[in-house]
Amino acid sequence: MSRYIALEGIDGAGKTSVLVALAERLEGEGHDVVCVREPGGTAVGESLRDLLLEGPPMSAWAEALMFAADRAQLVEEVVRPALARSAWVLSDRSVYSSLAYQGAGRGLGIGRVRQINEPGLSGTWPDMVMLLVVAPEAGLARQEKEDRIGSEGSSLLASVAEAFERLASREPDRFVVIDAEQSLGLVVDQAWAAVQL
Ligand code: TYD
């Protein structure tokens, strides 16, 4: 059964709303559910989040390595212990965001970004990735608060969106692709159906 589930998509895809609704349904069935977000979710991670999203310009590799550092801390401190006690983990973003944003969007290469993330994850990889798909313009229009990366506009988001779709087609057993331009209710119903498979 898939218990470590990541919600992915470009900025403004609605991941957070879907995550909250899924958590409520799982808790309603009596499951122990831990919700996390990347970057963030630990004391170290929240400091890195400020630097990554609100901080000064940085090199693409510094950015990729900081996302990887944030994730290594989160996996060790929160995700692995939660899975060990049989809780569900719902994650707002995951290593796949780094593959799409830093690997493709920043042009560092998906393979190389995967390599720098592997040591910190040591095998703790999401069981299921729900990819919420919206057009970059729709995502930008829906975005509530811009951050350093999300504010770069539709050309970065277009390459990120394309990379997410490529990653999904390479790993069809791990990915569930959902059209997130539908109403939130329909998106949540499809996500819930996938969780119950
Ligand atoms: P998030 O807090 O999910 O914001 P949003 O609501 O806009 O989706 O993500 C913050 C930003 O960080 C977002 O622009 C995507 C970016 N990001 C990366 O570039 N690489 C990563 O590995 C992660 C986790 C996020």
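Please refer to the structure placed before this passage.
Report on the accompanying structure.

Cut-offs used in this document
Residues numbered from 1 in each chain as written. Predicted model: local features only at pLDDT ≥ 70, side-chain atom pairs only at ≥ 80, totals over all residues. Heavy atoms only, no water. Near = heavy atom within 4 Å. Polar contact = N/O pair within 3.5 Å; in protein donor to acceptor, adjacent residues only side chain to side chain. Areas by Shrake-Rupley, 256 points an atom, 1.4 Å probe, with all protein chains shown as cover. 1 Å grid on protein atoms, 1.4 Å probe; cavity = no way out; pocket = protein on both sides within 12 Å on 5 of 7 lines; lining within 4 Å. Sits in = over half its atoms within 2 Å of the grid points. Helix = DSSP H or I, 4+ residues; strand = E, 2+ residues; numbered from the N terminus. Pairing = 2+ DSSP bridges. Axes fitted to C-alpha atoms, helices over the stretch in contact; angles between N-to-C directions. Contact = heavy atoms within 4.5 Å. Phe/Tyr/Trp six-rings, centres within 6.5 Å; stacked < 30°, edge-to-face > 60°. Buried < 20%, exposed > 50% of the residue type's maximum accessible area, 1.4 Å probe, protein only. Points joined across faces, edges and corners; volume = space filled by probe spheres on them. Nonpolar A, V, L, I, M, F, W, Y, C, P; charged D, E, K, R; others polar. Core = buried A, V, L, I, M, F, W, Y, C linked by side-chain atoms within 4.5 Å.

## Some remarks on the site of the ligand
Turning to step 1, where the next piece is worked out: Around the ligand sit 17 residues, and of these Asp 11, Arg 49, Arg 93, Ser 98 and Gln 102 come closest.
Turning to step 2, where the next piece is worked out: Here an oxygen atom of the ligand sits 2.6 Å away from a polar atom, N or O, in the side chain of Ser 98.
Turning to step 3, where the next piece is worked out: The side chain of Asp 147 places a nitrogen or oxygen atom 3.4 Å from an oxygen atom of the ligand.
Turning to step 4, where the next piece is worked out: Calculation on the ligand without its partners gives an accessible area of 550 Å², and the protein chains cover 90% of this total.
Turning to step 5, where the next piece is worked out: Of all the cavities here, the one that holds the ligand is the largest pocket.
Turning to step 6, where the next piece is worked out: Elements with a contribution of two residues or more to the shell around the ligand: helix 2 (43-54), helix 3 (60-84) and helix 4 (95-105).

## Regarding the sheet that holds strand 1 (residues 4-8)
Turning to step 1, where the next piece is worked out: Ordered in space as 2-3-1-4-5, the five strands form an open sheet in which the pairing is parallel. In this open sheet, the two edge strands, each paired with only one partner strand, are strand 2 (33-37) and strand 5 (175-179). Each strand axis lies, on average, 20° off the axis of its neighbour in the sheet, ignoring direction.
Turning to step 2, where the next piece is worked out: Contacts from helix 3 reach strand 1, strand 2 and strand 3 (88-92), with the element oriented near 160° to strand 2.

## So, the packing of aromatic side chains
Turning to step 1, where the next piece is worked out: All chains considered together, the criterion is met by three aromatic pairs.
Turning to step 2, where the next piece is worked out: Pairing Tyr 96 with Trp 125 gives two aromatic rings, centres 6.1 Å apart and planes at 80°, and the pair type is edge-to-face. Note that Tyr 96 is positioned in helix 4 and Trp 125 in the loop between helix 5 (110-121) and strand 4 (128-133), a separation of 29 residues in sequence.
Turning to step 3, where the next piece is worked out: Take Tyr 96: its relative accessible area is 0%, and that puts it in the buried class.
Turning to step 4, where the next piece is worked out: Take Trp 125: its relative accessible area is 13%, and that puts it in the buried class.
Turning to step 5, where the next piece is worked out: Consider the rings of Tyr 101 and Phe 164, whose centres lie 6.3 Å apart with planes at 80°: the pair is edge-to-face. Of this pair, Tyr 101 sits in helix 4 while Phe 164 sits in helix 7 (residues 154-170), and the two are 63 residues apart along the sequence.

## Digging into empty space enclosed by the protein
Turning to step 1, where the next piece is worked out: Going through the model one piece at a time under the given rule, you end up with one cavity of 30 Å³ or more.
Turning to step 2, where the next piece is worked out: Within this model, the largest cavity holds a volume of roughly 60 Å³.
Turning to step 3, where the next piece is worked out: Lining of the largest cavity is provided by Gly 9, Ile 10, Leu 131, Leu 132, Val 133, Val 134, Ala 161, Phe 164 and Glu 165.
Turning to step 4, where the next piece is worked out: The set of elements that each furnish at least two residues to the lining of the largest cavity consists of strand 4 and helix 7.
Turning to step 5, where the next piece is worked out: Split into classes, the residues belonging to the lining of the largest cavity amount to seven nonpolar, one polar and one charged.

## Considering the nonpolar core
Turning to step 1, where the next piece is worked out: If you look at the biggest cluster of nonpolar residues, it comprises 64 residues, and the most contacted ones within it are Leu 22, Tyr 96 and Met 130.
Turning to step 2, where the next piece is worked out: Here this core takes nine residues from helix 3, the largest share from any one element.
Turning to step 3, where the next piece is worked out: In contact with Leu 22, other than residues within four places in its own chain, are Leu 7, Leu 90, Met 130, Ala 191, Trp 192 and Val 195.

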